[in-house]
Amino acid sequence: MTDGRFELTLSRGVVLEGRVLLTDGRPAVRAAVRSGHEHRPGSLTTHTDKQGYFRLHGVPTGPCDVWARLGDYATGAVLPPVADGTTRWWAPVLQYDAR
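Residues numbered from 1 in each chain as written. Predicted model: local features only at pLDDT ≥ 70, side-chain atom pairs only at ≥ 80, totals over all residues. Heavy atoms only, no water.

Participant: Please clarify how unusual backbone geometry should be interpreted in this entry.
Facilitator: Keep in mind that most residues, glycine aside, have a negative phi and that most peptide bonds are trans. Residue Arg30 is not a glycine yet carries a positive backbone phi of 65°. When you line up the elements, Arg30 lands in the loop between strand S1 (14-19) and strand S2 (32-35). Using a relative accessible area of 53% as the deciding quantity, one classes Arg30 as exposed. (Helix = DSSP H or I, 4+ residues; strand = E, 2+ residues; numbered from the N terminus. Buried < 20%, exposed > 50% of the residue type's maximum accessible area, 1.4 Å probe, protein only.)

Participant: When you look at the sheet that holds strand S3 (residues 44-47) in this model, what are you seeing that I'm missing?
Facilitator: Strands belonging to one sheet form pairs held by backbone hydrogen bonds; the direction of such a pair is parallel or antiparallel. Here 5 strands make up an open sheet; going across it, the order is S3-S2-S5-S6-S8 and the pairing antiparallel. The open sheet has two edge strands, S3 and strand S8 (95-96), and neither has a second partner. (Pairing = 2+ DSSP bridges.)

Participant: What am I meant to see in the side chain of Glu17 here?
Facilitator: Assignment of secondary structure puts Glu17 in strand S1. There is a polar contact of 2.6 Å between the side chain of Glu17 and the side chain of Arg55. For Glu17, the residues in contact, after removing those within four places along its chain, are Phe54, Arg55, Thr87, Arg88, Trp89 and Trp90. (Polar contact = N/O pair within 3.5 Å; in protein donor to acceptor, adjacent residues only side chain to side chain. Contact = heavy atoms within 4.5 Å.)

Participant: Can you walk me through the nonpolar core in this structure?
Facilitator: Burial of nonpolar side chains together is a common tendency in soluble globular proteins. Grouped together as the largest cluster of nonpolar side chains are 16 residues, with contacts concentrated most on Leu16, Val20, Val33 and Trp90. For this core, the secondary-structure elements that each account for two or more residues are S1, strand S4 (53-59) and strand S5 (64-70). (Core = buried A, V, L, I, M, F, W, Y, C linked by side-chain atoms within 4.5 Å.)

Participant: Quick question: what am I supposed to make of the environment of Arg69 here?
Facilitator: Residue position: Arg69 is located in strand S5. Taking the C-alpha atoms as reference, Arg69 lies 18 Å from Arg40; in sequence the two are 29 residues apart. Here Asp97 takes part through its side chain, which lies 2.8 Å from a polar atom of the side chain of Arg69.

Participant: So what exactly am I meant to see when it comes to the sheet that holds S4 here?
Facilitator: Taken together, the 3 strands give an open sheet; going across it, the order is S4-S1-S7, and neighbouring strands pair in mixed fashion. A strand with exactly one partner marks an edge of an open sheet, and here the two such strands are S4 and strand S7 (87-90). For this sheet, the mean angle separating the axes of adjacent strands, direction not counted, is 20°. One ladder, built from 4 bridges, connects S1 with S7; its direction is parallel. Bridge pairing in S7 links Gly18 to Trp90. (Axes fitted to C-alpha atoms, helices over the stretch in contact; angles between N-to-C directions.)

The structure is reproduced here in structure tokens:
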């Protein structure tokens, strides 16, 4: 940076997609799926469709906290790092969580 300029490279992130199921194998319809902490910048949230499928764009490439919840049923995981521009697949099964 001898002339006062610098280069900034932005990551477009990855796509997180998958299917959320209940313990009996039924799709978790309208379950909330979140990447990141809900009270921090960069957190992303979506809801599953009628078959339990979801898709989130712009998820960080590094280790990623993910959560799914439907009423009293929930689960979470930390997904490993992946290359920028790729797609991650997550297929959680919701467990009873009386919080």
